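# Overview (structure and organization)
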Amino acid sequence: MSNIETVGIVGAGQMGSGIAHVSALAGYDVLLYDISPERIEKGIATINGNMARQVAGGKLAEAERQQGIARISAAPALSDLAAADLVIEAATEDESVKRKIYAQLCPQLNPEAILATNTSSISITRLAAATDRAERFIGIHFMNPVPLMKLVELVRGIATDNLTFESAKEFVRRLDKTTTVSEDFPAFIVNRILLPMINEAIYTLYEGVGTVEAIDTAMRLGANHPMGPLQLADFIGLDTCLSIMQVLHDGLSDTKYRPCPLLVKYVEAGWLGRKSGRGFYDYRGEHPVPTR
């Protein structure tokens, strides 16, 4: 297997900072890149705050926090990732954005480095074809929030070689997470099942079958879900939900994956959920309030 010691991460947002967090605590040196120094600083501050909460909750020793945060370094330029053995792209769920990143990133990397994507739905085979290392390209899809969720989906493209696959499995094992292996089909396993359920919940709201509160209460108490589907959609980000439904609809050509028009309307309004302050709930007050 490829010996992974240094992990580069492209994107210091919610997912990228979460991956950096767990990688550093597992003993990897982490190089964190984003398009501006401010974003990198914000990402590292988020990691530090989340680790501090783990210490306060008794889940992490203060010495472990200090060692973990010390392993994370800012990478202001893509060329700073040249020392990485594994680079994980955790940019926005937009194929054109990811392709532009690979075009700039690949010439900077060690020829033997593994390149992975944290995409939640886009074809690994298609993304790999936009790189110079299809054999050393793989999907490593973390669940959100990364420090809390135990599952990681591993997705091989048609060209991914066994060395890359086994190295990725060992990397995830060292993070103390569990892998599930998915074939390279739109949205893989988790989102292939989860997002149509969320989309159907939005249709249920759209058609007036129930209110936001009624739908979420029904699924929390009637199906024992820890979070209602509309609350979960807001947590994921409605733009991400729409993007995944569009990948499913385009990739499988089945009308059952048609994004609900209400989801489209919310995204067009900029009501993207928690991150924008409004979605199916309004988060701008002391407590979230349904918007419909």
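Quantities reported herein were computed from a predicted structural model and do not represent experimental measurements.

About the thresholds
Residues numbered from 1 in each chain as written. Predicted model: local features only at pLDDT ≥ 70, side-chain atom pairs only at ≥ 80, totals over all residues. Heavy atoms only, no water. Helix = DSSP H or I, 4+ residues; strand = E, 2+ residues; numbered from the N terminus. Rg over C-alpha atoms; globule rule 2.2 N^0.38 Å. Buried < 20%, exposed > 50% of the residue type's maximum accessible area, 1.4 Å probe, protein only. Contact = heavy atoms within 4.5 Å. Areas by Shrake-Rupley, 256 points an atom, 1.4 Å probe, with all protein chains shown as cover. Lys, Arg positive; Asp, Glu negative; His and termini not counted. Charge placed at Lys NZ, Arg CZ, Asp CG, Glu CD. Core = buried A, V, L, I, M, F, W, Y, C linked by side-chain atoms within 4.5 Å. Pairing = 2+ DSSP bridges. Axes fitted to C-alpha atoms, helices over the stretch in contact; angles between N-to-C directions. Arc of directions from axis to C-beta. Parallel < 35°, antiparallel > 145°, perpendicular 65-115°, else oblique. Left-handed = near helix turned anticlockwise from the far one by under 90°. Nonpolar A, V, L, I, M, F, W, Y, C, P; charged D, E, K, R; others polar. Domains from an automatic or database assignment. Buried area = accessible area lost by both parts, 1.4 Å probe. Polar contact = N/O pair within 3.5 Å; in protein donor to acceptor, adjacent residues only side chain to side chain. Salt bridge = Lys/Arg side-chain N within 4 Å of Asp/Glu carboxyl O. Phe/Tyr/Trp six-rings, centres within 6.5 Å; stacked < 30°, edge-to-face > 60°. Lys NZ or Arg CZ within 6 Å of the ring centre and 35° of its normal.

### Overview of the overall build of the protein chain
On a plain count of helices and strands, the protein chain comes out with eleven helices and ten strands. Here the C-alpha atoms of the protein chain give a radius of gyration of 19 Å, agreeing with the 19 Å that 2.2 N^0.38 yields for 292 residues. Its C-alpha atoms give the protein chain principal-axis dimensions of roughly 55 × 45 × 35 Å. When the 292 residues of the protein chain are sorted by exposure, 47% land in the buried category. Partitioning the contacts of the protein chain with sequence separation of at least 6, the portion at a separation of at least 24 is 65%. A total of about 13600 Å² of accessible surface is found on the protein chain, and carbon and sulfur atoms cover 52% of it. Taking the 28 positively charged and 34 negatively charged side chains of the protein chain as two groups, their mean positions are separated by 3 Å.

### Some details on the nonpolar core
In globular proteins that are soluble, nonpolar side chains generally tend to be buried together. With 35 residues, the main nonpolar core has Val7, Leu32, Leu86, Ile88, Ile140, Phe142 and Phe171 as its most contacted residues. At five residues, the largest contribution of residues to this core is made by helix 1 (residues 14–25). Those residues within four positions of Ile88 in sequence are excluded, and the remaining contacts are Val7, Gly8, Ile9, Val10, Ile19, Ala116, Asn118, Phe142 and Phe171. Counting 28 residues, the second-largest nonpolar core is a separate cluster that includes Ile198, Leu230, Met245 and Tyr257.

### Thoughts on the sheet that holds strand 2 (residues 29–33)
If you walk across this open sheet you meet the eight strands as 3-2-1-4-5-6-7-8, and the pairing is mixed. Unpaired on one side and paired on the other, strand 3 (72–74) and strand 8 (178–182) mark the two borders of the sheet. Averaged over all adjacent pairs, the angle separating strand axes in this sheet is 25 degrees, with direction ignored. As defined by bridge partners, strand 2 adjoins strand 3 across three bridges and the pair is classed as parallel. Along strand 3, the bridge assignment pairs Leu32 with Ala74. Seen against the sheet, helix 1 touches strand 1 (6–10), strand 2, strand 3, strand 4 (86–89) and strand 6 (137–142) and runs at an angle of roughly 165 degrees to strand 2.

### Quick notes on helix 3 (residues 62–70)
Of all the positions in helix 3, only Arg65, Gly68 and Ile69 are classed as buried. The buried side chains of helix 3 occupy one side of the element, clustering within an arc of 90 degrees when seen end-on. Buried residues along helix 3 sit against helix 1, helix 2 (37–56) and strand 3.

### A short note on the packing of helix 1 against helix 2
The contact between helix 1 and helix 2 brings their axes to 9 Å, and the two run at 55 degrees. With respect to helix 2, the element helix 1 is oriented oblique. The interaxial crossing formed by helix 1 with helix 2 has right-handed handedness. Residues Ser17, Ala20, His21 and Leu25 of helix 1 touch helix 2, and the partners they reach there are Gly43, Thr46, Ile47, Asn50, Met51 and Gln54. Grouping the amino acids of the contact of helix 1 with helix 2 by side-chain chemistry returns four nonpolar, six polar and no charged.

### Quick look at the domain arrangement of the protein chain
Each assigned domain of the protein chain is listed with its residue range as follows: domain 1 (6–183) and domain 2 (190–290). The C-alpha-based centres of domain 1 and domain 2 are spaced at 27 Å. If you look at the interface, domain 1 gives eleven residues, while domain 2 gives six residues. Taking both sides of the interface into account, the surface hidden between domain 1 and domain 2 amounts to around 660 Å²; carbon and sulfur atoms contribute 57%. In this structure, the connection of domain 1 to domain 2 is made through three residue pairs in polar contact (both at pLDDT 80 or more).

### Observations regarding the pattern of salt bridges
In a structure, side chains of opposite charge can pair up when their charged atoms sit close to one another. Inspection of every chain in the model, using the stated rule, returns twelve salt bridges. Between Arg39 and Asp34 there is a salt bridge whose closest N-O contact spans 3.8 Å. Of the charged contacts in the structure, one is a salt bridge between Asp239 and Lys275, with a shortest N-O distance of 2.9 Å. Within this pair, whereas Asp239 is found in helix 10 (residues 238–252), its partner Lys275 is found in the loop between helix 11 (261–268) and strand 9 (281–282), the two being separated by 36 residues in sequence. In this structure, a network of salt bridges that share partners links the residues Glu89, Glu93 and Lys98.

### Quick notes on the packing of aromatic side chains
For the structure on display, the rule yields six aromatic pairs. Between the aromatic rings of Tyr203 and Tyr206, the centroid separation amounts to 6.2 Å while the plane-to-plane angle is 70 degrees, which identifies the pairing as edge-to-face. Taken together, the positions of Tyr203 and Tyr206, both in helix 7 (residues 190–206) and three residues apart, correspond to about one turn of that helix. Owing to a relative accessible area of 42%, Tyr206 belongs among the partly exposed residues under this scheme. Geometrically, the ring pair formed by Tyr266 and Phe280 is stacked, given 4.7 Å between the ring centres and 25 degrees between the ring planes. Here Tyr266 is found in helix 11, whereas its partner Phe280 is found in the loop between helix 11 and strand 9, with 14 residues between them in sequence. Per residue, the accessibility class of Tyr266 equals that of Phe280, and both read buried. Among the aromatic residues, those joined into a ring-pair cluster are Tyr266, Trp271 and Phe280. Here the guanidinium or amino end of Arg156 rests over the ring plane of Phe165, the centre of that ring lying 4.6 Å away. The ring of Tyr28 has Arg174 sitting right over it, with the charged end atom 3.9 Å from the ring centre.

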